[in-house]
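# Reading the structure
Below are the chains, spelled out letter by letter.
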Amino acid sequence: MKSEFFTVLRSPVFWGAIILLALGPFVLPSYYLHIATLTLIYIALASSWNIVGGIGGQISLAHSLFVGTGAVLSSALLLKLGINMWLGMVIAALVSGLMGAIISFIDFRFRLGHLSFALITLAFAEMGEIIVIGTEALGGASGLFLPKDKGDLLAFQFGSGAGIFWVMLTLAVGAILINLAVLNLPLGFYLRTIRDNEAAAQAIGVNILRNKTIAMVISAMFTSVIGTAYARYLTFVDPYQLASPVLTVEIVLIATVGGLGKAFGPALGAVLLIPLGEILRGKLGGSLPGLHYFVYGAVVIAVILATPRGLLPALQSRLASWRGSAKSEAKKPSIAAPGA
Amino acid sequence: MAILQIAGLTKCFGGLTAVNDVSFSVEEGEILGIIGPNGAGKTTLFSLISSFLKPTSGDVIYLGESIVGVPPHVLVQRGLVRSFQIVQTFADMDVLDVVTTAALSRRPMLEAEDYAGDVIRRVGLGGKERLTPTSLSLQDKKLLEVAKCVATEPRLILLDEVMAGLTLAETEAPLAVIRELNRQGVTVVMVEHVMPVIMRAATRIVVINFGEKIAEDTPATIVEDQRVIDAYFGELVDA
Ligand SMILES: Nc1ncnc2c1ncn2[C@@H]1O[C@H](COP(=O)(O)OP(=O)(O)OP(=O)(O)O)[C@@H](O)[C@H]1O
Ligand SMILES: [Mg+2]
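Residues numbered from 1 in each chain as written. Chains lettered and ligands numbered in written order. Predicted model: local features only at pLDDT ≥ 70, side-chain atom pairs only at ≥ 80, totals over all residues. Heavy atoms only, no water.

### Quick notes on the sheet that holds strand β8 (residues 187-191) of chain B
Residue and element names in this part refer to chain B. One open sheet accounts for 6 strands, arranged β6-β7-β8-β3-β9-β10; its pairing is mixed. Each of the sheet's edge strands pairs with one partner strand only, and the pair in question is β6 (80-82) and β10 (212-217). Strand after strand, the sheet turns through a mean of 15° between neighbouring axes, direction not considered. Across 5 bridges, the pairing between strand β7 (residues 156-160) and β8 is parallel. Considered in β8, the bridge of Leu 158 is made with Val 189. (Pairing = 2+ DSSP bridges. Helix = DSSP H or I, 4+ residues; strand = E, 2+ residues; numbered from the N terminus. Axes fitted to C-alpha atoms, helices over the stretch in contact; angles between N-to-C directions.)

### A few points about the site of ligand 1
Residue and element names in this part refer to chain B. Around ligand 1 sit 14 residues, and of these Gly 39, Lys 42, Thr 43, Thr 44 and Gln 85 come closest. At 2.9 Å, a backbone N or O of Gly 41 approaches an oxygen atom of ligand 1. One nitrogen or oxygen atom from the side chain of Lys 42 is found 2.7 Å from an oxygen atom belonging to ligand 1. Isolated, ligand 1 exposes 630 Å² of accessible area, and the fraction of that covered by the protein chains is 61%. With 3 residues, helix α1 (residues 42-49) is the largest single contributor of residues to the shell around ligand 1. Its residues assigned to classes, the shell around ligand 1 shows 5 nonpolar, 7 polar and 2 charged. (Near = heavy atom within 4 Å. Polar contact = N/O pair within 3.5 Å; in protein donor to acceptor, adjacent residues only side chain to side chain. Areas by Shrake-Rupley, 256 points an atom, 1.4 Å probe, with all protein chains shown as cover. Nonpolar A, V, L, I, M, F, W, Y, C, P; charged D, E, K, R; others polar.)

### Section: the coordination of the magnesium ion (ligand 2)
Residues and elements named next belong to chain B. Taken together, Thr 43 (OG1) and Gln 85 (OE1) make up the protein donors of the magnesium ion (ligand 2), found 1.9 to 2.0 Å from the metal. Here Thr 43 is found in helix α1, whereas its partner Gln 85 is found in the loop between β6 and α3 (95-103), with 42 residues between them in sequence. Taking the relative accessible area as the measure of exposure, Thr 43 reaches 27% and is therefore partly exposed. Relative accessible area serves as the criterion here: at 30%, Gln 85 is assigned to the partly exposed category. (Donors = N, O, S within 2.8 Å, 3.2 Å for Na, K, Ca; no water. Buried < 20%, exposed > 50% of the residue type's maximum accessible area, 1.4 Å probe, protein only.)

### Notes on the nonpolar core
In terms of nonpolar packing, the biggest core is built from 83 residues, with Ile 41, Tyr 42, Met 168, Leu 171 and Val 237 of chain A touching the most fellow members. The element contributing the most residues to this core is helix α8 (residues 161-183) of chain A, with 15 residues. Counting 59 residues, the second-largest nonpolar core is a separate cluster that includes Ala 201 of chain A together with Phe 90, Ala 151 and Ile 178 of chain B. (Core = buried A, V, L, I, M, F, W, Y, C linked by side-chain atoms within 4.5 Å.)

### Looking at the pairing of strand β2 (residues 16-27) of chain B
Residue and element names in this part refer to chain B. As paired strands, strand β1 (residues 2-13) and β2 are joined by 8 bridges and run antiparallel to one another. From the neighbouring strand, Ile 6 faces β2, where its bridge partner is Phe 24. What sits between the antiparallel neighbours β1 and β2 is a turn of 2 residues, in which Gly 14 has the positive phi angle 60°.

Next up, the structure:
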């Protein structure tokens, strides 16, 4: 593990921000607490996706499959078989991990290019949604209703808005820390070489199948866990929301806007886009139908055009050049170029 | 002992036979030069040895075992590494990160980064650790090709025209690295068009023309060989 990881772990700014956020439920009115919770969910989802899609450069559109498995399977196990949702969460995560491994293997075996990989993962996600909708035991098209959240921790219930908010905060921080860890471990180096040039990666000893699979399994399992918590938050488990590829598109959009492959990039994207989307819907949703989508789309296009590599890298280079110019500013007197 | 034996190696691309029944051995500890006109099949031969291509027929024996069908990354673990004639870059990774990844094939994370720093300085890329491919010259990228290979700590290294495009003076740094590696026991097979370099560096030379081996001898004898002069030096003089 490279020391950068521990630098963040020891950083008072990092923990200070988390503690500040954790105080959210005490000060935020419920509508804003809802937006904050949703933002945390998407920070977690986009950061998990980033392991495969950003660091590893494999544009997976299969992730709704893992969210859906985490949400629907654990809920169905509880409602149909009475299996504790904690155990259901673990089972769903294992199933998601297995599906991730199978997808990686198919990708490797048939040497899929980037486009075929994206399309095939999308096809898997579509199939997943259809299977859920067509299977009565999984709630079918009408979905599943979880029992009311009475705050019984042992039953995967976290109580009021505050409890589930803290769960989502933990998951969001966890997902970011996993990204940081991956980037500072050999796995991150391997994934980045695979992303940039597979043949050249192999030529310096990188095992393509192994590393892509590990990334996919980590990402799928964590995404599935987030899916279970998301289901608990929503109480109504709607397959058209939680198992739909539209969800993946949102995740990919957030990660891309924030900055692919960076530990904090997807988080930045979520912090910008989720509140924006929610507030626009709140303010404009009642007026002209579709207007809020239009404004949201315009903002996304503007941000992507202005910072094609994502907001975070753009901010970082802006900061670096500002620091650089501050330094040269400070040096100026000693240079004392005549006539300058 | 022969570290590498090539036996009747053939590669066809459709109707074109790029490598045709080539056999030779590489002795442990030598520097073997491979020369031949453009399109002779030298790069294809390297791709066959390093398992990036599957031979149509024939065998490649490394350390006494056939390695046909063994994936390239496994060969790197076993100490066989190749460079690419057409430099292969990683768009979003800086020099240090790329060489560190190569070093990770034998060392743990923290050690790998230090060792990569060493290798980068040795090949003459010191000070350019944090540059990405967009700000590297072609020469620097060639040196990076060498650094990547060296950082995997190979037993046998296949270098494909790593000096092409360098001035004779610029070849000194990579050549010194190759010689130093060789002194430490690393076997080197190098394809090179820069004649003064290969004549000085190689202990033995294999000449390839139209996919076939036409000669194999010491540099001094090779330059006298009539077939070689016709096939190769003739072409160079004409060109
Ligand atoms: N993947 C491929 N598919 C089809 N033909 C190929 C392929 N790779 C190489 N060839 C052909 O095989 C022949 C040998 O090419 P190769 O690159 O091995 O030559 P070379 O000796 O390395 O040449 P140079 O000195 O220009 O690098 C050429 O005619 C080339 O066009
Ligand atoms: Mg060549």
